[in-house]
Amino acid sequence: MTYLWGGMILVGIVYGAFTGNLQAVTEAVVSSSGEAVSLCISMAGITAMWTGIMKIAENTGLVSFLAGKMRPLLRFLFPRLDPDSRAGKFICLNFLSNCLGLSWASTSSGLTAVRELKELEDTARKTDPSGWKKGAASNEMCTFLIINVSSLQLIPVNMIAYRAQYGSVNPAAIVGPAVLATAVSTGAAVIFCKIADRKRRHS
């Protein structure tokens, strides 16, 4: 990604210089930089508010309650993972954040969930070193990553904020298409994970 973005920027600057539009490139850089800062400030406020709400929900036990309700889902997606483990708790918190469209706020819980899954994998490897490939991610890690990327969103808060920032007449109009699109992507992700897990076990 570093080379891709660096190359795109470099090509744009070189093209602007050769076509005599270097001044326009400079003005675009200045205006875009200001717009990016303004957008980041707006998104920081929205993310801080929802992250605070999620933290309050966690401290009041609401997250634990919802995590308990999500046990059947966790058992289906992660059959070899204890739903009551720390990894299971942070996976639930990540899923709840993503359902609200808070991709930024779900980053910390996602990273913590992966770290907890890694610790469980290390413990299992020490107990039974056979059948483990060094440096390879566990099935649970891969499943979590794929479902996290597909990211079912019931309330796409971030997208609504983006649309409001850029002057959309109806920022919430994205809710329906977002639910449909992310439901399809998440369904495809779950099917793929189940097929891959079945092939891995048979092999």
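All of the points below concern the structure found in this document. (Residues numbered from 1 in each chain as written. Predicted model: local features only at pLDDT ≥ 70, side-chain atom pairs only at ≥ 80, totals over all residues. Heavy atoms only, no water.)

## Quick notes on the pattern of salt bridges
Where charged atoms from two side chains of opposite charge approach closely, those side chains can pair.
Piece 1. For the structure on display, the rule yields 2 salt bridges.
Piece 2. Note that Glu140 is salt-bridged to Arg80, the shortest N-O span being 3.4 Å. Taken together, the positions of Glu140 in helix α7 (residues 139–150) and Arg80 in the loop between α4 (71–77) and α5 (86–99) put the pair 60 residues apart, joining distant regions of the chain.
Piece 3. On the basis of relative accessibility, which here comes to 12%, the residue Glu140 falls in the buried class.
Piece 4. Among the residues examined, Arg80 registers a relative accessible area of 44% and is labelled partly exposed. (Salt bridge = Lys/Arg side-chain N within 4 Å of Asp/Glu carboxyl O. Helix = DSSP H or I, 4+ residues; strand = E, 2+ residues; numbered from the N terminus. Buried < 20%, exposed > 50% of the residue type's maximum accessible area, 1.4 Å probe, protein only.)

## Thoughts on the state of the cysteines
Piece 1. One pass over the full model with this rule turns up 0 disulfides.
Piece 2. The thiol sulfur of Cys193 is not disulfide-bonded, and the nearest other cysteine sulfur, from Cys142, lies at 8.2 Å. (Disulfide = S-S within 2.5 Å.)

## Describing helix α2 (residues 22–59)
Piece 1. In a regular helix each residue adds 1.5 Å, so 38 residues correspond to 56 Å; α2 covers 54 Å between its end C-alpha atoms and thus fits that length.
Piece 2. All buried positions along α2 are accounted for by Leu39, Met43, Thr47, Met54 and Ala57.
Piece 3. Those residues of α2 that are buried lie in contact with α3 (62–69), α5 and α8 (157–165).
Piece 4. Following α2 by one or two positions, Gly61 adopts a phi angle in the positive range, close to 90°. (Expected span 1.5 Å × (residues − 1). Contact = heavy atoms within 4.5 Å.)

## Some thoughts on a nonpolar patch on the surface
Piece 1. Together, Met1, Leu4, Trp5 and Met8 make up a nonpolar patch on the protein surface, roughly 490 Å² of accessible area in all.
Piece 2. Tracing the chain through its elements places Met8 in helix α1 (residues 2–18). (Patch = residues over 30% accessible without salt bridge, like charges linked within 9 Å, V, L, I, M, F, W, Y side chains within 5 Å. Areas by Shrake-Rupley, 256 points an atom, 1.4 Å probe, with all protein chains shown as cover.)

## Remarks on the nonpolar core
Piece 1. Counting 23 residues, the largest nonpolar core has Leu77, Phe78, Leu81, Ile91, Phe95, Leu117 and Phe144 as its most contacted members.
Piece 2. Listed by contribution, the elements that provide at least two residues to this core are α2, α3, α4, α5, α6 (106–127) and α7.
Piece 3. The element that contributes the greatest number of residues to this core is α5, accounting for 7 residues. (Core = buried A, V, L, I, M, F, W, Y, C linked by side-chain atoms within 4.5 Å.)

## Quick word on the packing of aromatic side chains
Piece 1. If you walk through the whole model with that rule in mind, you get 1 aromatic pair.
Piece 2. The ring of Phe76 has Lys194 sitting right over it, with the charged end atom 4.4 Å from the ring centre. (Phe/Tyr/Trp six-rings, centres within 6.5 Å; stacked < 30°, edge-to-face > 60°. Lys NZ or Arg CZ within 6 Å of the ring centre and 35° of its normal.)

## Side note on the environment of Phe78
Piece 1. As for its position among the elements, Phe78 is in the loop between α4 and α5.
Piece 2. On the accessibility criterion, Phe78 (1% relative accessible area) is buried.
Piece 3. For the pair Phe78 and Ser109, spaced 31 residues apart in sequence, the C-alpha to C-alpha distance is 17 Å.
Piece 4. Other than its neighbours up to four places away in sequence, Phe78 contacts Ile91, Phe95, Glu140, Thr143 and Phe144.

## Topic: empty space enclosed by the protein
Piece 1. As enumerated under the stated definition, the model contains 1 cavity of 30 Å³ or more in all.
Piece 2. Roughly 50 Å³ of volume is contained in the largest cavity.
Piece 3. Lining the largest cavity, in full, are Leu77, Pro79, Asn139, Thr143, Val190, Cys193, Lys194 and Asp197.
Piece 4. Of all elements in the fold, only α7 and α9 (175–202) reach the threshold of two or more residues within the lining of the largest cavity.
Piece 5. The residue inventory of the lining of the largest cavity, partitioned by class, reads 4 nonpolar, 2 polar and 2 charged. (1 Å grid on protein atoms, 1.4 Å probe; cavity = no way out; pocket = protein on both sides within 12 Å on 5 of 7 lines; lining within 4 Å. Points joined across faces, edges and corners; volume = space filled by probe spheres on them. Nonpolar A, V, L, I, M, F, W, Y, C, P; charged D, E, K, R; others polar.)

## Brief notes about the packing of α2 against α8
Piece 1. Close contact between α2 and α8 brings their axes to 10 Å; oriented N to C, the two are set at 145°. Considering only the axes of α2 and α8, their crossing is right-handed. Counting all contacts with α2, which are made through Ser38, Leu39, Ser42, Met43, Ile46 and Trp50, the residues of α8 involved are Val157, Asn158, Ala161, Tyr162 and Gln165.
Piece 2. Its residues assigned to classes, the contact of α2 with α8 shows 7 nonpolar, 4 polar and no charged. (Axes fitted to C-alpha atoms, helices over the stretch in contact; angles between N-to-C directions. Left-handed = near helix turned anticlockwise from the far one by under 90°.)

## Here's the deal with the environment of Ser150
Piece 1. On the secondary structure map, Ser150 appears in helix α7.
Piece 2. Taking the C-alpha atoms as reference, Ser150 lies 8.8 Å from Val184; in sequence the two are 34 residues apart.
Piece 3. Excluding residues within four positions of it along the chain, Ser150 makes contact with Thr182, Ser185, Thr186 and Ala189.

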